[in-house]
Amino acid sequence: MAVSARTKVWLVACGSFNPITNMHLRLFELARDSLNATGRYDVVGGLISPVNDAYGKKGLISGEHRLQMCRLATQKSDWIKVDDWEIQQSGWTKTRVAMEHFESSLNAGSDTPASLRLLCGADLLESFAVPDLWSPEDMDKLTGHFGLVVVTRAGSNPERFIHESDALYKNKASIHIATEWISNEISSTQIRRALRRQNSVRYLIPDAVLDYIKTHSLYQE
């Protein structure tokens, strides 16, 4: 019996990365291991796309700084890259539109195009239940056409959340759950708070990112 070819996959993470942390990088490693272990996928690359400044989130520093920190964080990675397309746009871009752009750009000139999966944590999955936050069309395109890889903590129950959401349940075959068994609660919010209070964040973010933050006196207010 012929062995079915594995589906090539790019993992794409869109977000603030304000700043990027070691947990952001761990998401990629966990997702790749989990997808490859199924025997059905071959993760060929990872892509980080920092959001445009026009996103307007409180405390969001300039895209120039966030982009540079992401590049420093991934400089030793042989498979994760950083893309500035969202930051270079004239305004905020919907996640669906960004994914459509990357689907085109990453597969340009390829005879065997790869599929894209949106990489996220359980918080993004749960945000699909927030009224009017996502349009039905965007939600269906992200969870159906592209699909999600959701990295979740041990003890959480994303399967139940998917079961209780008609929109997610419809595309459940395209939602892959990867469990992080080693507890890791690092968040950018916590990092910013610690920096404002002049507390150490060493070993929570890459050293090169910490050096950049200190050099440019970021997150002091």
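The preceding data block contains the structure.
Reading the values: the criteria
Residues numbered from 1 in each chain as written. Predicted model: local features only at pLDDT ≥ 70, side-chain atom pairs only at ≥ 80, totals over all residues. Heavy atoms only, no water. 1 Å grid on protein atoms, 1.4 Å probe; cavity = no way out; pocket = protein on both sides within 12 Å on 5 of 7 lines; lining within 4 Å. Points joined across faces, edges and corners; volume = space filled by probe spheres on them. Helix = DSSP H or I, 4+ residues; strand = E, 2+ residues; numbered from the N terminus. Salt bridge = Lys/Arg side-chain N within 4 Å of Asp/Glu carboxyl O. Buried < 20%, exposed > 50% of the residue type's maximum accessible area, 1.4 Å probe, protein only. Arc of directions from axis to C-beta. Contact = heavy atoms within 4.5 Å. Core = buried A, V, L, I, M, F, W, Y, C linked by side-chain atoms within 4.5 Å. Pairing = 2+ DSSP bridges. Axes fitted to C-alpha atoms, helices over the stretch in contact; angles between N-to-C directions. Parallel < 35°, antiparallel > 145°, perpendicular 65-115°, else oblique. Left-handed = near helix turned anticlockwise from the far one by under 90°. Nonpolar A, V, L, I, M, F, W, Y, C, P; charged D, E, K, R; others polar.

## Side note on the layout of surface pockets
Then, in step 1: Of the voids in this model, the largest pocket is the one considered here, and its volume is about 1,400 Å³.
Then, in step 2: Lining the largest pocket are 47 residues, and of these Cys14, Gly15, Lys57, Asp123 and Leu124 lie nearest its centre.
Then, in step 3: Secondary structure elements with two or more residues in the lining of the largest pocket: strand S1 (7-15), helix H1 (22-37), helix H4 (95-106), strand S4 (115-121), helix H5 (122-127), helix H6 (136-146), strand S5 (148-153) and helix H9 (188-196).
Then, in step 4: Estimates place the volume of the second largest pocket at around 240 Å³.

## Concerning unusual backbone geometry
Then, in step 1: With omega at 0°, the peptide bond leading from Asn18 into Pro19 counts as cis.
Then, in step 2: Its place among the elements puts Pro19 in the loop between S1 and H1.
Then, in step 3: Unusually for a residue other than glycine, Ser217 sits at a positive phi of about 55°.
Then, in step 4: Along the chain, Ser217 falls in the segment after helix H10 (207-215).

## Thoughts on the pattern of salt bridges
Charged atoms that come close allow side chains of opposite charge to pair.
Then, in step 1: Scanning the model with the defined rule gives 10 salt bridges in all.
Then, in step 2: Two residues, Arg32 and Glu29, come together in a salt bridge whose shortest N-O distance is 3.4 Å. Within this pair, Arg32 and its partner Glu29 are both found in helix H1, separated by three residues, close to a single helical turn.
Then, in step 3: Classification of Arg32 by relative accessible area gives partly exposed; the value is 23%.
Then, in step 4: Accessibility expressed as a relative area gives 26% for Glu29, which makes it partly exposed.
Then, in step 5: Between Arg96 and Asp138 there is a salt bridge whose closest N-O contact spans 2.4 Å. Of this pair, Arg96 sits in helix H4 while Asp138 sits in helix H6; the two residues are 42 residues apart in sequence, bridging distant segments of the chain.
Then, in step 6: The structure contains a network of salt bridges with shared partners spanning Lys94, Arg96, Glu100, Asp138 and Lys141.

## Topic: H10
Then, in step 1: Of the positions making up H10, those classed as buried are Val209, Leu210, Tyr212 and Ile213. Across the axial projection of H10, the buried residues extend over an arc of 160°, all falling on one side. Pointing more than 90 degrees away from the buried face of H10 are the exposed residues Lys214 and Thr215.
Then, in step 2: Contacts from the buried residues of H10 go to helix H2 (63-73) and H9.
Then, in step 3: Residue Ser217 follows H10 closely and has a positive phi angle near 55°.

## As for the nonpolar core
Then, in step 1: Counting 41 residues, the largest nonpolar core has Leu11, Ile20, Phe28, Ile48, Met69, Leu119 and Ile213 as its most contacted members.
Then, in step 2: Secondary-structure elements contributing two or more residues to this core are S1, H1, strand S2 (41-50), H2, strand S3 (80-82), S5, H9 and H10.
Then, in step 3: Per-element tally for this core: the top contributor is H1, with seven residues.
Then, in step 4: Grouped together as the second largest cluster of nonpolar side chains are 24 residues, Trp10, Val12, Ala98 and Leu125 included.

## Some points on the sheet that holds S2
Two modes of strand pairing occur in sheets, parallel and antiparallel, and in both the strands are linked by backbone hydrogen bonds.
Then, in step 1: On the basis of which strands lie adjacent, the open sheet formed by six strands has the order S3-S2-S1-S4-S5-S6 and parallel pairing. A single partner strand is all that each edge strand has here, and the edge strands are S3 and strand S6 (175-180). Each strand of the sheet is rotated relative to its neighbour by a mean of 30°, with strand direction disregarded.
Then, in step 2: Bridge count for S1 against S4 is four bridges, and the pairing is parallel. Counted as the bridge partner of Trp10 is Leu116 from S4.

## Focus on the pairing of S4
Then, in step 1: Counting buried positions along S4 yields six of seven residues, so the element is predominantly enclosed.
Then, in step 2: Relative to S5, S4 is paired through four bridges, and the arrangement is parallel. What sits directly across from Gly121, in S5, is Val151.

## Some remarks on the packing of H2 against H10
Then, in step 1: At a minimum axis distance of 8 Å, the contact between H2 and H10 shows a crossing angle of 150°. Accordingly, the angle class assigned to the pair H2 and H10 is roughly antiparallel. Read as a crossing pair, H2 and H10 show a hand that is right-handed. Contacts between H2 and H10 involve Glu64, His65, Gln68, Met69, Leu72 and Ala73 from the former and Ala208, Val209, Tyr212 and Ile213 from the latter.
Then, in step 2: Across the contact of H2 with H10, the residue classes tally to seven nonpolar, two polar and one charged.

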